[in-house]
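Here's the letter readout for the chains.
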Amino acid sequence: MPRTVIRNGLVITAAEEVHADVLIEGERVVALAATGSSAAQAWTAETEYDATGRYVIPGGVDAHTHMELPFGGTAASDTFETGTRAAAWGGTTTIIDFAVQSVGRSLRDGLDTWHTKAEGNCSIDYGLHMIMSDVTEDSLKEMDILVEEGVTSFKLFMAYPGVFYSDDGRILRAMQRGGDNGGLIMMHAENGIAIDVLVEQALAAGRTDPRYHGEVRRELLEAEATHRAIQLSRVAGGAPLYIVHVSAEQAVAEIAAARRLGLNVFGETCPQYLFLSTDNLAEPDFEGAKYVCSTPLRPREHQAALWRGLRTDDLSVVSTDHCPFCFNGQKELGRGDFSKIPNGLPGVENRMDLLHQAVLDGHLSRRRWIELACATPARMFGLYPRKGTIAPGADADIVIFDPHERYTMSAATHHMNVDYSAYEGKQITGRARTVLSRGAAVIHDGEYVGRPGHGTYLPRGTSQYLI
Ligand SMILES: [Zn+2]
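Residues numbered from 1 in each chain as written. Predicted model: local features only at pLDDT ≥ 70, side-chain atom pairs only at ≥ 80, totals over all residues. Heavy atoms only, no water.

**Student:** Looking at this structure, I do not really get helix α14 (residues 366-380). What am I missing?
**Tutor:** Along an α-helix, a turn takes 3.6 residues, which lines up residues three or four apart on a common side. Helix length check: α14, at 15 residues, gives a terminal C-alpha distance of 20 Å against a target of 21 Å (1.5 Å per residue), a fit within 8%. Along α14, the helix axis deviates most sharply at Leu372, where the bend reaches about 45°. Counting buried residues along α14, eleven of its 15 residues qualify, which places the element largely inside the surrounding structure. Residues Arg368, Trp369, Ile370, Leu372, Ala373, Cys374, Ala375, Thr376, Pro377, Ala378 and Met380 constitute the buried set of α14. Gly382 occupies a position one or two residues after α14 and carries a positive phi of about 70°. (Helix = DSSP H or I, 4+ residues; strand = E, 2+ residues; numbered from the N terminus. Expected span 1.5 Å × (residues − 1). Bend = angle between axes of the 7 residues up to and from the residue. Buried < 20%, exposed > 50% of the residue type's maximum accessible area, 1.4 Å probe, protein only.)

Take a look at the structure:
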């Protein structure tokens, strides 16, 4: 088997920081040894990387992406091919995307469709969650089979009536099933029924600009839905619950309260809520449309609560909810009616660097950066320790990260298939230089050296946080 050695770097995992060399055989890590030790010096390999002055970190695990997602009469602009390539550029080596069940169809139909989209196209490994749009006796039975097969998480929506929305009864049934079969229920927690009333009233009053998207999707309606989801999971016997893309301080408080009760409730947030705000949504000339996503960006004051939640583990994962739509031709569908702006932001390429910037800004420790971006998402979704760490036996998904390189985020230089950057002009320090996926270089020295189809599908175990 071909051997690779990464020498002289600072290896950072969620657990520790050590000056060590890393030995890879084929697709896996086989050993770490102290840099300069006789053991490390004795290693020979076909390929050697010198990581002097750099970090050697596990590849990022982005547990929330939407490549090619059909939405609002259009579709997310990154394919699995372009999106996974961009992810690799940003130091992410695993994504978990969402297969979608259509109303009236089986889970299997949706899963097959997404396998077809992804297979042979990904530069990095990928798993799939299942969006349940139609909770029926049949689809509940299918959940058991999917959990056995490695699709172990199911997303439900309390928002988007008429599209993805499930009422409380359907949510309860799915949670009961998840409590039995170990499937993790992922919840989009916003009260979509109430939001739709406010949307209608805003439009009738002539309030059509992008910023009203943020105003009608009230913080209280996120907090209320989060509270309701938690209580439903308790009624379902303590079924595990993962709240996606938390943005409001009041929702963080609901999750914190549930966790203090010892419930299996977990929270996720995304870089856009940590670095952007309603100020962006209010940008003139329809530019605010670039920042339309749901849950929406919140006033800047909420950011402190999110950072605090990340430190206290009331928020345990940072994913991107990557769901890009071009400004020209896609976001523009909502000119004159904010409710027609496709919901979603690009970010799969930016997450690792933004969180490293948060380390420099004093929000997180280096190990917590790796925990939030690599280890916990891998554990949460049943991929650890194959993914999310650097240890003997783990897949050699490794990033050599230069913590000193400075650059400016921009649509002119990013690799996502979208015509704007949500972080245009932002100065960043730190960047992935070399990215390995199962031992093979995908990015090296400023070049893409991977190939579509290298990435394989990852059947997953159940969440490793459940007791
Ligand atoms: Zn999403």
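**Student:** Before we go on, may I ask you to explain the coordination of the zinc ion in this structure?
**Tutor:** The reference angle at a metal is 109.5 degrees if four donors form a tetrahedron and 90 or 180 degrees if six donors form an octahedron. Note on the zinc ion: its protein donors are His64 (NE2), His66 (NE2), Lys155 (NZ) and Asp321 (OD). The metal-donor distances range over 2.0 to 2.8 Å. Considering all four donor atoms around the zinc ion, the spread of angles at the metal, 81 to 168°, places the coordination shape in the irregular class. The sequence pattern formed by the donor residues of the zinc ion is H-x1-H-x88-K-x165-D. Of the two residues, Lys155 sits in strand β11 (residues 153-157) while Asp321 sits in the loop between β15 (317-318) and α13 (351-360), which places them 166 residues apart along the sequence. Asp321 shares its class with Lys155; the two are buried. (Donors = N, O, S within 2.8 Å, 3.2 Å for Na, K, Ca; no water. Tetrahedral: all angles 85-135°; square planar, octahedral: opposite > 155°, others 65-115°.)

**Student:** Please clarify how the packing of helix α5 (residues 168-181) against helix α8 (residues 219-235) should be interpreted in this entry.
**Tutor:** Between two packed helices, both the angle of their axes relative to each other and the distance between the axes serve to describe the pair. In the contact formed by α5 and α8, the axes pass within 9 Å of each other and the chain directions differ by 50°. With respect to their mutual orientation, α5 and α8 come out oblique. Note that α5 runs across α8; the crossing there is right-handed. Only Arg228, Ala229, Leu232, Ser233 and Val235 of α8 make contact with α5, whose side of the interface consists of Asp168, Ile171, Leu172 and Met175. (Axes fitted to C-alpha atoms, helices over the stretch in contact; angles between N-to-C directions. Parallel < 35°, antiparallel > 145°, perpendicular 65-115°, else oblique. Left-handed = near helix turned anticlockwise from the far one by under 90°. Contact = heavy atoms within 4.5 Å.)

**Student:** Would you take a moment to explain the sheet that holds strand β6 (residues 60-65) for this structure?
**Tutor:** The pairing of strands in a sheet comes from backbone hydrogen bonds and takes either a parallel or an antiparallel form. Judged by pairing direction, the sheet is parallel, and its eight strands sit side by side in the order β6-β9-β10-β11-β12-β13-β14-β15 without closing on themselves. Edge positions in the sheet fall to β6 and β15, since each has one partner strand and no second. As paired strands, strand β9 (residues 92-100) and strand β10 (residues 125-131) are joined by seven bridges and run parallel to one another. Looking at the pairing, Thr94 lines up with Asp125 of β10. Strands β6, β9 and β15 of the sheet are contacted by α13, whose axis makes an angle of about 115° with β6. (Pairing = 2+ DSSP bridges.)

**Student:** Just checking my understanding: could you explain the environment of Tyr423 for this structure?
**Tutor:** Within the element layout of this structure, Tyr423 appears in the loop between β16 (398-408) and β17 (427-437). Residue classification places Tyr423 among the buried positions, given a relative accessible area of 4%. Sequence-wise, Tyr423 and Arg105 are 318 residues apart; in three dimensions their C-alpha atoms are separated by 38 Å. Contacts of Tyr423, omitting those with residues within four sequence positions, involve Pro271, Gln272, Phe275, Leu276, Asn350, Leu354 and Met409.

Keep in mind these values describe shape, not function.
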